Amino acid sequence: MKEFIKVMKALSDPARVKIMKMLQHKTMCVCEIQTALDKAQSTTSKHLKILEDAGLITYQKNGLWVNYKLADGTQSPFAASLISHLYHWLEDDSDIKELVMQLPGIDRHIILDRS
């Protein structure tokens, strides 16, 4: 039951649901996710850690970059089920639609050039 509760709690926050929806469209680094959500880096990192601990996302280091993507679901059957359903859920939600439309314009190289 603990594993089930961990997955459900991970998706109980709107920002974490938005992260999941973004990652179903593309692999992203922290600065891209932070920019899309308009949240502080520390807040974004905390959200990512909760999702990772629940088996919903994974990351891969590539040089200086840490790239996040949806997990394949092998860590938890509960995570696997929710990941597969989330692909179809909330597609008509106005906040999700707006966020997804912004994704092509969010690029780590542009973000770093502005800094």
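Here is a short report on the structure shown in this document. (Residues numbered from 1 in each chain as written. Predicted model: local features only at pLDDT ≥ 70, side-chain atom pairs only at ≥ 80, totals over all residues. Heavy atoms only, no water.)

The next thing to look at is the layout of surface pockets. When its volume is computed, the largest pocket comes out at roughly 160 Å³. If you trace the largest pocket, you find it lined by Ala-15, Lys-18, Ala-36, Leu-37, Lys-39, Asp-95, Glu-98, Leu-99 and Gln-102. Contributions of two or more residues to the lining of the largest pocket are made by helix H2 (14-23), helix H3 (30-37) and helix H6 (94-102). If you tally residues by element for the lining of the largest pocket, the top one is H6, at four residues. (1 Å grid on protein atoms, 1.4 Å probe; cavity = no way out; pocket = protein on both sides within 12 Å on 5 of 7 lines; lining within 4 Å. Points joined across faces, edges and corners; volume = space filled by probe spheres on them. Helix = DSSP H or I, 4+ residues; strand = E, 2+ residues; numbered from the N terminus.)

Moving on to the packing of H2 against H6. Contact pair H2 / H6: the axes reach a minimum separation of 10 Å and the direction vectors enclose 45°. Taken together, the axis directions place H2 and H6 in an arrangement best described as oblique. As for the relative orientation of H2 and H6, their crossing is right-handed in sense. Contacts between H2 and H6 involve Lys-18, Lys-21 and Met-22 from the former and Asp-95, Ile-96 and Leu-99 from the latter. Tallied by class, residues from the contact of H2 with H6 come to three nonpolar, no polar and three charged. (Axes fitted to C-alpha atoms, helices over the stretch in contact; angles between N-to-C directions. Parallel < 35°, antiparallel > 145°, perpendicular 65-115°, else oblique. Left-handed = near helix turned anticlockwise from the far one by under 90°. Contact = heavy atoms within 4.5 Å. Nonpolar A, V, L, I, M, F, W, Y, C, P; charged D, E, K, R; others polar.)

Any link to function would need more than the numbers given here.
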